[in-house]
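What follows is each chain in one-letter form.
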Amino acid sequence: SYGSYASPQAYTDGVSAALPVAVGVLVLGTIAAALLPSRKAFAAQVAAAAESHDKSGESSPSLDATDPAADDRLGRQAEPAAPVGVA
């Protein structure tokens, strides 16, 4: 069995067994991050989509973060207007 604290050798065996798994996870994360668009590229895509949407003349709902009605559209829970007392 790997990874026990019974002896220094058992601990080292456990770490040695876990290390390739950890490296694999890091490699997968690095590949996933490399495939994602950069923030600038994503912002450009959003701006282009908004521009083409504006040219079509359709109205779109507000996504202003300060607009309470936007909470549902932004996927947030509305905060209570006043602190809730504890009974």
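Computed from a predicted structure; not experimentally measured.

(A) Quick peek at the confidence of the model for the chain. Looking at the chain, the pLDDT average stands at 77 and 60% of residues meet or exceed 70. Mean pLDDT values over the elements of the chain span from 55, in helix α3 (residues 70–74), up to 94, in helix α1 (residues 8–35).

(B) Spatial organisation of the packing of aromatic side chains. Summed over all chains, the structure comprises one aromatic pair. Ring geometry for tyrosine 5 versus tyrosine 11: centroids 5.7 Å apart, planes at 20°, classification stacked. On the basis of relative accessible area, tyrosine 5 is assigned to the exposed category, the value being 72%. Note on tyrosine 11: relative accessible area 41%, which makes it partly exposed.

Criteria and cut-off values
Residues numbered from 1 in each chain as written. Predicted model: local features only at pLDDT ≥ 70, side-chain atom pairs only at ≥ 80, totals over all residues. Heavy atoms only, no water. pLDDT = per-residue confidence, 0-100. Helix = DSSP H or I, 4+ residues; strand = E, 2+ residues; numbered from the N terminus. Phe/Tyr/Trp six-rings, centres within 6.5 Å; stacked < 30°, edge-to-face > 60°. Buried < 20%, exposed > 50% of the residue type's maximum accessible area, 1.4 Å probe, protein only.

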